[in-house]
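# Observations on the three-dimensional arrangement
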Amino acid sequence: MFETFLDGRVRVLVGDITRERADAVVNAANSTLLGGGGVDGAIHRVGGGKILEECREIRRKIYPEGLPTGEAVITTAGNLPARYVIHTVGPIYGMQDGREAELLAACYRNSLALAAEHALASIAFPSISTGAFGYPRAEAAQVSSQAIEEFLKSAEHLIEEVRLLFFQQRDAEDFLRHQRFS
Ligand code: AR6
């Protein structure tokens, strides 16, 4: 473990999201919900075809045009050690007419809200948008920490633990330097 915030309810860790044993892991997806590289590729590769099947069903029934940026949906987790996968679409940095921060905050808020709706106690996030989608890590740290704190303090929920998972030690260190947890 690296460091904790908000009386231990938020834990910053280094690791691979596909190995997390949590009620839900969050996928940094794209609006097709049909897979890609990075976290998304790893989750579908390790999780197996069941997740993709459920994503196709969500596309067919609810989001034929694709999942809008900032929104989140939930599927089971196939062969992953987690129980559920919450798929969210982060903003592509520089392509959102200045709404990047608002949309990134919405990813965290809507993912947490889905976990709360399903009465989940633990959720693990990767660093949404900071890979292929180009969001600067310092800014993402500020936005994500504020969104998480706001949600945990305001909403009715059973969430006991939010894990923030970084692939590399230096990414976690960047986060710790720039986060805004109280
Ligand atoms: N576990 C934890 N973190 C990871 C892992 C992993 N297995 N793999 C990468 N990271 P990205 P995005 C980190 O690109 O920026 C995909 O093609 C990585 O170091 O996965 O939201 C989707 O289909 C980075 O900090 O997500 C979309 O098209 C962070 O996870 C697009 O990329 C996010 O990197 C989404 O881009």
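Structure's up top.
Anyway, here's the lowdown on the structure attached to this text.

## Here's the deal with the overall build of the chain
Assigned secondary structure in the chain consists of five helices and seven strands. Reading the chain from its N end, one meets helices and strands in the order β-β-β-α-α-β-β-α-β-α-β-α. For the chain, whose C-alpha radius of gyration is 15 Å, the value lies close to the compact-globule estimate of 16 Å for 182 residues. Judged by the C-alpha coordinates and their principal axes, the chain covers about 40 × 35 × 30 Å. Scored against the burial criterion, the 182 residues of the chain give a buried share of 49%. Taking contacts inside the chain between residues at least 6 apart in sequence as the whole, the part at least 24 apart equals 67%. Put simply, the chain shows about 8,600 Å² of open surface, and 46% of that area lies on carbon and sulfur atoms. Distance from the positive charge centre (19 side chains) to the negative charge centre (24 side chains) of the chain: 5 Å.

## Description of the side chain of Glu 100
Looking at the secondary structure, you find Glu 100 in helix α3 (residues 100-117). Lacking a salt bridge, the buried Glu 100 has Arg 99 as its closest oppositely charged neighbour, with an N-O distance of 8.2 Å. Engagement of the side chain of Glu 100 in a polar contact is seen with the backbone nitrogen of Gly 94, the distance being 2.8 Å. Discounting residues that sit within four places of it in the chain, Glu 100 has contacts with Pro 91, Ile 92, Tyr 93, Gly 94, Met 95 and Tyr 135.

## Description of the pairing of strand β6 (residues 122-125)
In the case of a regular strand, side chains alternate between the two sheet surfaces. Burial along β6 is two-sided: the residues Ser 122 and Ala 124 and Ile 123 and Phe 125 are all buried. Here strand β3 (residues 24-29) runs beside β6; their pairing, made up of two bridges, is parallel. Each bridged residue has a counterpart across the sheet, and for Val 25 the counterpart in β6 is Ala 124. Summarising the sheet, β6 and strand β7 (residues 161-166) pair through four bridges and their orientation is parallel. Looking at β7, one finds that Ala 124 is bridged to Arg 163. With helix α4 (residues 137-154) bridging β6 and its parallel neighbour β7, the resulting β-α-β unit is right-handed.

## Section: the sheet that holds β6
If you trace the seven strands from one edge of the open sheet to the other, you get β1-β2-β7-β6-β3-β5-β4, paired in mixed fashion. With one partner strand each, in any of the chains shown, β1 (3-5) and β4 (72-76) form the two edges of the open sheet. The sheet shows a mean angle of 25° between the axes of neighbouring strands, direction not considered. Note: β1 against strand β2 (residues 10-14), three bridges, orientation antiparallel. The residue of β2 that forms the bridge with Thr 4 is Arg 11.

## Examining the packing of α4 against helix α5 (residues 169-178)
In a packed pair of helices, the relevant descriptors are the angle between the two axes and the axis-to-axis distance. Where α4 meets α5, the axes come as close as 8 Å, and the angle between the chain directions of the two elements is 60°. The angle between α4 and α5 falls in the class oblique. For α4 against α5, the interelement crossing comes out right-handed. Across from Arg 137, Ala 138, Ala 141, Gln 142, Ser 144 and Ser 145 in α4, the residues of α5 making contact are Asp 171, Asp 174, Phe 175 and His 178. For the contact of α4 with α5, the residue count by class is three nonpolar, four polar and three charged.

## Remarks on the packing of aromatic side chains
Scanning the model with the defined rule gives five aromatic pairs in all. When the ring of Phe 175 is compared with that of Phe 181, the centres are 6.3 Å apart and the planes differ by 55°; the resulting orientation is tilted. Each member of the pair, Phe 175 as well as Phe 181, carries the same accessibility label: buried. Members of the aromatic cluster, connected to one another through ring pairs, are Phe 5, Phe 166, Phe 175 and Phe 181.

Quick notes on the rules
- Residues numbered from 1 in each chain as written.
- Predicted model: local features only at pLDDT ≥ 70, side-chain atom pairs only at ≥ 80, totals over all residues.
- Heavy atoms only, no water.
- Helix = DSSP H or I, 4+ residues; strand = E, 2+ residues; numbered from the N terminus.
- Rg over C-alpha atoms; globule rule 2.2 N^0.38 Å.
- Buried < 20%, exposed > 50% of the residue type's maximum accessible area, 1.4 Å probe, protein only.
- Contact = heavy atoms within 4.5 Å.
- Areas by Shrake-Rupley, 256 points an atom, 1.4 Å probe, with all protein chains shown as cover.
- Lys, Arg positive; Asp, Glu negative; His and termini not counted.
- Charge placed at Lys NZ, Arg CZ, Asp CG, Glu CD.
- Salt bridge = Lys/Arg side-chain N within 4 Å of Asp/Glu carboxyl O.
- Polar contact = N/O pair within 3.5 Å; in protein donor to acceptor, adjacent residues only side chain to side chain.
- Pairing = 2+ DSSP bridges.
- Right-handed = clockwise from strand over helix to strand, strands pointing away.
- Axes fitted to C-alpha atoms, helices over the stretch in contact; angles between N-to-C directions.
- Parallel < 35°, antiparallel > 145°, perpendicular 65-115°, else oblique.
- Left-handed = near helix turned anticlockwise from the far one by under 90°.
- Nonpolar A, V, L, I, M, F, W, Y, C, P; charged D, E, K, R; others polar.
- Phe/Tyr/Trp six-rings, centres within 6.5 Å; stacked < 30°, edge-to-face > 60°.

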